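Here is what each chain is made of, one letter per residue.
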Amino acid sequence: MLEHLDRLAPDPILGLMAAFRADSDPRKVDLGVGVYRDERGETPVMQAVRDAERAVLERQTTKTYVAPAGNAGFNDAMRRLTLGDDSPLARSERVCAVQAPGGCGALRLGAELIRVARPEAVVHVSNPTWANHVPLLSGCGLKLERYPYFDAACGGVAFEAMLSALEALPPRSVVLLHASCHNPTGADLEEAQWRELGALLERRALLPFIDMAYQGLGRGLAEDAYGLRLLAAQLPEALIAVSCSKNFGLYRERVGCLLVVGQSGAAAEATLTQLVRIARGLYSMPPDHGAAIVAEILGEEPLRAAWQRELTAMRERILQLRTAAAEALAAACPRKDFSHIVRQRGMFSYLGLDKDTVRRLREAHHVYMTDDSRINIAGLRLGNIPYFAQAVAHALGQ
Ligand code: LMR
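Calculation notes
- Residues numbered from 1 in each chain as written.
- Predicted model: local features only at pLDDT ≥ 70, side-chain atom pairs only at ≥ 80, totals over all residues.
- Heavy atoms only, no water.
- Domains from an automatic or database assignment.
- Contact = heavy atoms within 4.5 Å.
- Buried area = accessible area lost by both parts, 1.4 Å probe.
- Salt bridge = Lys/Arg side-chain N within 4 Å of Asp/Glu carboxyl O.
- Polar contact = N/O pair within 3.5 Å; in protein donor to acceptor, adjacent residues only side chain to side chain.
- Phe/Tyr/Trp six-rings, centres within 6.5 Å; stacked < 30°, edge-to-face > 60°.
- Helix = DSSP H or I, 4+ residues; strand = E, 2+ residues; numbered from the N terminus.
- Buried < 20%, exposed > 50% of the residue type's maximum accessible area, 1.4 Å probe, protein only.
- Lys NZ or Arg CZ within 6 Å of the ring centre and 35° of its normal.
- Near = heavy atom within 4 Å.
- Areas by Shrake-Rupley, 256 points an atom, 1.4 Å probe, with all protein chains shown as cover.
- 1 Å grid on protein atoms, 1.4 Å probe; cavity = no way out; pocket = protein on both sides within 12 Å on 5 of 7 lines; lining within 4 Å.
- Sits in = over half its atoms within 2 Å of the grid points.
- Nonpolar A, V, L, I, M, F, W, Y, C, P; charged D, E, K, R; others polar.
- Pairing = 2+ DSSP bridges.
- Axes fitted to C-alpha atoms, helices over the stretch in contact; angles between N-to-C directions.
- Expected span 1.5 Å × (residues − 1).

Peer 1: Could you clarify how one ought to interpret the domain arrangement of the protein in this entry?
Peer 2: Many authors give the size of an interface as the accessible area that is lost as the parts come together. Under the domain assignment, the protein is made up of domain 1 (11-44 + 315-396) and domain 2 (65-299). If you average the C-alpha positions of domain 1 and of domain 2, the two centres end up 28 Å apart. Each partner contributes to the interface: domain 1 provides 20 residues, whereas domain 2 provides 23 residues. Counting each side, the surface lost to burial between domain 1 and domain 2 is near 1600 Å², with a carbon and sulfur contribution of 56%. Counting the surface domain 1 buries against domain 2, the share from its top three residues, Arg 315, Arg 345 and Tyr 350, is 37%. For the pair domain 1 and domain 2, the number of links is zero salt bridges. The tally of links from domain 1 across to domain 2 stands at eight residue pairs in polar contact (both at pLDDT 80 or more).

Peer 1: Could you clarify how one ought to interpret the packing of aromatic side chains in this entry?
Peer 2: Summed over the entire model, instances satisfying the criterion amount to four aromatic pairs. Ring centres of Phe 20 and Tyr 368 lie 5.4 Å apart, and the angle between their planes is 90 degrees; on these two criteria the pair is classed as edge-to-face. You can see Phe 20 sitting in helix H1 (residues 14-22) and its partner Tyr 368 sitting in strand E12 (residues 367-368), a full 348 residues away along the chain. The same class applies to Phe 20 and to Tyr 368, which are both buried. A centroid spacing of 5.5 Å and a plane angle of 75 degrees characterise the contact between Phe 150 and Tyr 350, whose relative ring orientation is edge-to-face. Of this pair, Phe 150 sits in strand E5 (residues 150-151) while Tyr 350 sits in strand E11 (residues 348-350), and the two are 200 residues apart along the sequence. The same class applies to Phe 150 as to Tyr 350, namely buried. The positively charged end of Lys 28 is found above the aromatic ring belonging to Phe 20, 4.3 Å away from the centroid.

Peer 1: Mind showing me how you'd approach the site of the ligand here?
Peer 2: By nearness alone, every residue bordering the ligand is listed as Ile 13, Val 33, Gly 34, Trp 130, Asn 183, Tyr 214, Lys 246, Phe 348 and Arg 374. At 3.0 Å from an oxygen atom of the ligand is found a side-chain nitrogen or oxygen belonging to Trp 130. Taking Lys 246, its side chain carries an N or O atom lying 3.0 Å from an oxygen atom of the ligand. When the free accessible area of the ligand is taken as 260 Å², the share hidden by the protein chains comes to 82%. The cavity where the ligand resides is the largest pocket. Residues that form the shell around the ligand fall into these classes: five nonpolar, two polar and two charged. If you count residues domain by domain, the shell around the ligand takes at least three from each of domain 1 (11-44 + 315-396) and domain 2 (65-299).

Peer 1: How do you make sense of the sheet that holds strand E9 (residues 238-243) when you look at a structure like this?
Peer 2: The strands that make up a sheet pair up through hydrogen bonds in the backbone, lying either parallel or antiparallel. Ordered by their spatial adjacency, seven strands build an open sheet running E2-E10-E9-E8-E7-E3-E4, and the pairing between neighbours is mixed. Every interior strand has two partners, whereas the edge strands, strand E2 (95-100) and strand E4 (143-148), have only one. Across the sheet, the axes of successive neighbouring strands diverge by a mean angle of 25 degrees, strand direction being ignored. Two elements, strand E7 (residues 174-178) and strand E8 (residues 207-212), share five bridges in a ladder whose sense is parallel. Residue Val 175 lies in a different strand from E8, and its bridge partner there is Pro 208. Where helix H7 (residues 191-203) meets the sheet, it contacts E7 and E8, and its direction lies at approximately 165 degrees from that of E7.

Peer 1: Sorry if this is basic, but what is going on with the pairing of E2 here?
Peer 2: In summary, the side chains of a regular strand alternate between the two faces of the sheet. Burial of E2 is extensive: six of the six residues sit out of reach of the surface. By the alternation rule, side chains of E2 split into Val 95, Ala 97 and Gln 99 and Cys 96, Val 98 and Ala 100, which are all buried. Across six bridges, E2 lies against strand E10 (residues 256-261) in antiparallel orientation. Bridge assignment links Cys 96 to a residue of E10, and that residue is Val 260.

Peer 1: What's the story with helix H2 (residues 47-59) in this structure? I'm lost.
Peer 2: Side chains that are three or four residues apart share a direction in an α-helix, a result of its 3.6 residues per turn. Here H2 is 13 residues long and its end C-alpha atoms lie 19 Å apart, about the 18 Å a rise of 1.5 Å per residue gives. The elements touched by buried residues of H2 are helix H11 (289-299) and helix H12 (301-332).

Peer 1: Can you walk me through the pattern of salt bridges in this structure?
Peer 2: Once their charged atoms are close, side chains differing in charge can pair, the charge on each being opposite to the other. Considering all chains together, one arrives at 18 salt bridges under this definition. Notably, a salt bridge pairs Arg 37 with Asp 30, separated by 3.2 Å at the nearest N-O pair. In terms of burial, Arg 37 and Asp 30 fall into one category: buried. Through salt bridges with shared partners, a single ionic network connects Asp 38, Arg 40 and Glu 42.

Right under this line is the structure:
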């Protein structure tokens, strides 16, 4: 049976990770996979995570199963972190929450839920969107389409084109949105644009499915959730997939959460039973360790404050790298405009380079980025930005 299988090309992001590891050149720069790095190029375990982990392990007396919906304390804490501590919705019976294996697991649970509720539903994703949205959302049989999003000329959101495309969708279509720190472009909606989008989604009866993977790494914890909170409060239904990989640095622990806002308490209760059934059939129960750490951090005030300080330092470092990279590129490549890098937020920006230039950067200069020229800003270091900018200039022939 298996001898007929085709050999597949590596995943565009994970394949790059492997190629970078195999490169022995000391000058190599990894701007591929979206993980936070410090000035030494490392992705350290956050101190708040270490402290919470110690407390969790000391208290733990068993490794028996938790539940398909995961850790109840974690789910409660995630409702408040995502929807806002003071939000009535965070405590409302209209919301249900299930722990998921990472933001990816939450996205897939949401897609499976949509397929159960409305198998013919079409999910509309931004053009471009994170490469893994496609297999995660369409893998269960849902159809995907794209709406215009990025304006390459200014490095911002093509908001009018986005609105007119969404305006034309049939009611009950699903619209996948990035809460903040858009992956791969770094171009986010402004608050007024979120309000306009909310009015459109309401008027056209469209269902938002919001992916929040970078809360706190763009403008701040509340700021990065502004649009999500607005839509969740205003619309009758919403799906929200949250990842704790980046803002808690818990990548390999696979911890995330799916929140669903229903029209009523009864609808949310029924939804929860469906999600539990879906989880049981996919992976039975989520891994416990990462969620226990997050619940500990969010539940203990001193730990939470320490985590927020670390997160703020990470965000500020990314902003500093954005400024330094834009300045170095402006000096090294005077014929190309890179000023959008300072206007964008989160881990990513597009450099606007063609595939050949990206390949030259990788082969001649050991600078790794995805073929669409997305760079992980957090993969830069103040110490290697001059090398990176010179490499881009050479690859561009400037
Ligand atoms: C990325 O976009 O690089 C990250 O979200 C990591 C991944 O799994 O692709």
